[in-house]
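The lines below spell out each chain.
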Amino acid sequence: MPTPFRPRTLLVSAGILINSSNEVLLAQRPEGKALAGRWEFPGGKVEAPESPEDGLIRELQEEIGVTVAVEALEPFTFVSENCGAFHLLMPLYLIRHWEGTPVGREGQALEWAPVSTLGDYSMPKPDLPLIPKLQERLG
């Protein structure tokens, strides 16, 4: 009997940066990338042999120019979803403290969004179940 196709697991860490006004930072995927125009939480692929936390800290520095200490990462939830060509495993962390001002270093737009408006943004399918969880947690 043939072995069923099992997509490789892609480990991606994401950070939910929360400012003093209780707004959440969103990044818009730039033209030329998969899901261009969609809004997402900053982060990216975890490289071997990084931990999810180390990968997120590196990605936040590279993508938006902020420095985050590992102690500032508050585990929130995770996403586990079959995306066809790969299975996405994405731990998410709440982040209330960082150094620097977020800037889109890869051509992406950034926007601070009130939690109540997150449903108004076009986001990738795996992010959608996070919206009510964030609204419940952050009010």
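Here the structure is a predicted model, which is why all the values come from computation and not from measurement.

Draft legend 1. Fine view of the overall build of the chain. When its secondary structure is counted, the chain shows two helices and seven strands. Taking 14 Å as the expected radius of gyration for a compact globule of 139 residues, we find that the chain reaches 15 Å, a close match to that expectation. Judged by the C-alpha coordinates and their principal axes, the chain covers about 55 × 35 × 30 Å. A total of 139 residues make up the chain; the buried ones form 41% of that total. Relative to all contacts within the chain whose residues are 6 or more apart in sequence, the contacts with residues 24 or more apart total 65%. Of the accessible surface of the chain, which amounts to about 7,700 Å², a share of 53% is contributed by carbon and sulfur atoms. Side-chain charges of the chain comprise 12 positive and 19 negative groups, with the mean position of each set lying 7 Å from the other.

Draft legend 2. Fine view of helix α1 (residues 52-64). With 13 residues, α1 extends 18 Å from end C-alpha to end C-alpha; this agrees with the ideal 18 Å at 1.5 Å per step. The set of residues buried in α1 consists of Gly55, Leu56, Glu59, Leu60, Glu63 and Ile64. The arc that holds every buried residue of α1, seen down its axis, measures 130 degrees, which confines them to one face. In the core, the buried residues of α1 are packed alongside β1 (8-17), β2 (23-28), β4 (43-45), β5 (73-82), β6 (86-95) and β7 (110-114). Directly beyond the C-terminal end of α1, a positive phi value near 70 degrees is found at Gly65.

Draft legend 3. Structural view of the layout of surface pockets. The space that makes up the largest pocket amounts to roughly 720 Å³. Around the largest pocket, the lining comprises 29 residues; the ones closest to its centre are Val12, Arg29, Ala34, Leu35 and Glu40. Mapped by element, the contributors of at least two residues to the lining of the largest pocket are β1, β2, β4, α1 and β6. It is β1 that contributes the most residues to the lining of the largest pocket, four residues altogether. Residue composition of the lining of the largest pocket, grouped by class: 15 nonpolar, five polar and nine charged.

Draft legend 4. Representation of the sheet that holds β6 in the model. What the four strands build is an open sheet, ordered β4-β1-β6-β5; its pairing is mixed. Because the sheet does not close on itself, it has two edges, and the strands there are β4 and β5. Here the average twist between neighbouring strands, direction ignored, is 20 degrees. Alignment of β1 against β4, held across three bridges, turns out to be antiparallel. When the bridges of β4 are listed, Ser13 appears paired with Gly44. Sheet strands touched by α1: β1, β4, β5 and β6. Its angle to β4, the strand with the most contacts, is close to 120 degrees.

Draft legend 5. Spotlight on the sheet that holds strand β3 (residues 39-40). Read from one edge of the open sheet, three strands run β3-β2-β7, paired in antiparallel fashion. The outermost strands of the open sheet, each flanked by one partner alone, are β3 and β7. Pairing of β2 with β7 involves five bridges; the strand directions are antiparallel. When the sheet's bridge partners are listed, Ala27 is paired in β7 with Leu110.

Draft legend 6. Helix α2 (residues 130-138), seen in detail. All of the buried residues along α2 are Leu130, Ile131, Leu134 and Leu138. Seen from one end, α2 has its buried residues packed into an arc of 100 degrees, which puts them on one side. Backbone geometry just after α2 places Gly139 at a positive phi near 65 degrees.

Criteria and thresholds
Residues numbered from 1 in each chain as written. Predicted model: local features only at pLDDT ≥ 70, side-chain atom pairs only at ≥ 80, totals over all residues. Heavy atoms only, no water. Helix = DSSP H or I, 4+ residues; strand = E, 2+ residues; numbered from the N terminus. Rg over C-alpha atoms; globule rule 2.2 N^0.38 Å. Buried < 20%, exposed > 50% of the residue type's maximum accessible area, 1.4 Å probe, protein only. Contact = heavy atoms within 4.5 Å. Areas by Shrake-Rupley, 256 points an atom, 1.4 Å probe, with all protein chains shown as cover. Lys, Arg positive; Asp, Glu negative; His and termini not counted. Charge placed at Lys NZ, Arg CZ, Asp CG, Glu CD. Expected span 1.5 Å × (residues − 1). Arc of directions from axis to C-beta. 1 Å grid on protein atoms, 1.4 Å probe; cavity = no way out; pocket = protein on both sides within 12 Å on 5 of 7 lines; lining within 4 Å. Points joined across faces, edges and corners; volume = space filled by probe spheres on them. Nonpolar A, V, L, I, M, F, W, Y, C, P; charged D, E, K, R; others polar. Pairing = 2+ DSSP bridges. Axes fitted to C-alpha atoms, helices over the stretch in contact; angles between N-to-C directions.

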